[in-house]
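Here's the letter readout for the chains.
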Amino acid sequence: MPEGLLSGEAAWAAVKAGRALPLAGGPLAFTQIELIQRDARKRAAAGFAAPDFERSLRRQPAAMRRRLEALLDRLTARRPRFAGLAMDRPRIMGIINVTPDSFSDGGQFLDAGRAIEHGRRLVEAGAGILDIGGESTRPGAEPVSAAEEIRRVVPVIQGLHKSGAVISIDTRHSSVMAAAVEAGASIINDVTALTGDPESLGVAARSRAGVVLMHMQGEPRTMQANPRYREAALDLYDYFAAQIETAETAGLPRRRIAIDPGIGFGKSVAHNQDILHRLALLQGLGCPVLLGVSRKSFIAKLSRGEDASHRLAGSLAAALWGLRTGAQMIRVHDVAETAQAVAVWQALASP
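Since the structure is predicted, the reported quantities are computational estimates derived from the model, not experimental observations. (Residues numbered from 1 in each chain as written. Predicted model: local features only at pLDDT ≥ 70, side-chain atom pairs only at ≥ 80, totals over all residues. Heavy atoms only, no water.)

Caption draft 1: Molecular detail of the environment of glutamate 148. Its place among the elements puts glutamate 148 in helix 5 (residues 146-160). Of the residues examined, glutamate 148 reaches a relative accessible area of 23% and is grouped as partly exposed. For the pair glutamate 148 and proline 22, spaced 126 residues apart in sequence, the C-alpha to C-alpha distance is 45 Å. Separated by 2.7 Å, the side chains of glutamate 148 and arginine 151 make a polar contact. (Helix = DSSP H or I, 4+ residues; strand = E, 2+ residues; numbered from the N terminus. Buried < 20%, exposed > 50% of the residue type's maximum accessible area, 1.4 Å probe, protein only. Polar contact = N/O pair within 3.5 Å; in protein donor to acceptor, adjacent residues only side chain to side chain.)

Caption draft 2: View of the domain arrangement of the protein. What the domain assignment reports for the protein is domain 1 (2-76) and domain 2 (91-349). Measuring from the centre of the C-alpha atoms in domain 1 to the corresponding centre in domain 2 gives 28 Å. In this assembly, 16 residues from domain 1 lie in contact with 20 residues from domain 2. For the domain 1 and domain 2 pair, buried surface summed over both sides reaches about 1,400 Å², with 52% attributable to carbon and sulfur atoms. The interface formed by domain 1 and domain 2 contains three residue pairs in polar contact (both at pLDDT 80 or more). Every element with two or more residues in the side of domain 1 that touches domain 2 is listed here: strand 1 (2-6), helix 1 (8-16), strand 3 (29-38) and helix 3 (62-76). Here the side of domain 1 that touches domain 2 is composed, by residue class, of nine nonpolar, two polar and five charged. (Domains from an automatic or database assignment. Contact = heavy atoms within 4.5 Å. Buried area = accessible area lost by both parts, 1.4 Å probe. Nonpolar A, V, L, I, M, F, W, Y, C, P; charged D, E, K, R; others polar.)

Caption draft 3: Inspection of the pattern of salt bridges at higher detail. This structure, assessed with the given rule, holds twelve salt bridges. Each of Asp131, Asp170 and Arg331 takes part in one network of salt bridges that share partners. (Salt bridge = Lys/Arg side-chain N within 4 Å of Asp/Glu carboxyl O.)

Caption draft 4: Representation of helix 6 (residues 174-183) in the model. Of all the residues in helix 6, the buried ones are Ser174, Val176, Met177, Ala179, Ala180 and Ala183. As for helix 6, its buried residues are in contact with helix 5, strand 7 (166-170), strand 8 (187-190) and helix 7 (200-207). Of the residues one or two after helix 6, glycine 184 is the one with positive phi, at around 130 degrees.

Caption draft 5: Spotlight on the sheet that holds strand 7. A sheet is described by the order of its strands in space; here eight strands give the open sequence 10-9-8-7-6-5-12-11, paired in parallel fashion. Here the strands that pair on one side only, and so sit at the sheet edges, are strand 10 (257-260) and strand 11 (290-292). Across this sheet, the average inter-strand angle for adjacent strands is 25 degrees, counted without regard to direction. As paired elements, strand 7 and strand 8 share three bridges and run parallel to each other. When the bridges of strand 8 are listed, isoleucine 169 appears paired with isoleucine 188. Against the sheet, helix 4 (residues 112-125) engages strand 5 (91-97) and strand 6 (129-133), with an angle of about 165 degrees to strand 5. (Pairing = 2+ DSSP bridges. Axes fitted to C-alpha atoms, helices over the stretch in contact; angles between N-to-C directions.)

Caption draft 6: Region of interest: the pairing of strand 6. Across the five residues of strand 6, five count as buried, placing the element largely inside the fold. By the alternation rule, side chains of strand 6 split into Ile129, Asp131 and Gly133 and Leu130 and Ile132, which are all buried. Relative to strand 6, strand 5 is paired through five bridges, and the arrangement is parallel. Residue pairing in the sheet places methionine 93 in a bridge with isoleucine 129 of strand 6. Crossover handedness for the path strand 6 to helix 5 to strand 7: right-handed. (Right-handed = clockwise from strand over helix to strand, strands pointing away.)

Spelled out as structure tokens, the structure:
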């Protein structure tokens, strides 16, 4: 796990001096690395200065050395473009819920015309990606038929296809994925990481779209009942490593994959905190990281119990934390406010 993260001029200078390594090609860098090994019986960790870790690989057995060299390559390599977007600066994904029951804005944009107009405003405010969803996946949400989901989202995708933003379809149903891509979507964002529908993996592989694999323990109706992990951040890493391998075997290359830790999806507040504290760990998978924390309930639980409409400050704090620890994309409701916060953060981090 990369630690001792630096940004801006400090990161560049440390890399140039050989005291740090670039994280995902920059603009962040890390000065320390923690090597975590665990099996069924024990967990062990060892810390290294980042340049010393490279030298320590020479002392490892051949098989372990190859694994660690591959890991280090993924940690430091520049991320390829995702759905046509360069990953060298933060990207804002604006949320458009074409649903009657989403936890924060359900019903506001169920009408296609209102949803399209809202999407255009989000692009003007700074969204580079528009994530359009026709089924709520909030805790306790009831499923929606694929036909109804298609009816809700396709007109919106068609109406926003020429907006200047990359269009993402937020769905767990293969038929919706196929219809959305045909209508103009170039990202498939699946809360089940392509496991919720047996046809999803094949549809995604053939689509040539970028694919976001999200982690969710359980399913929306019951996921918050009693989530359990050995160690949340490490369990997510192992889960994504397995899902990426499955995707690659099916013809979906790693360069087209991004990952989302699924904050609040089958996770307690403590689990969310562990994952956010160790978010940089996920960069070892070699994929861009998408973080969705906007208006989520853990913010209220860490604060004063505010309802979803009063969680903007906490959402901005969590989003900037995510960018500071390596996330390349952030999924938000409040695009204008987030764009302003990111602009100021970038200016202060890169004098």
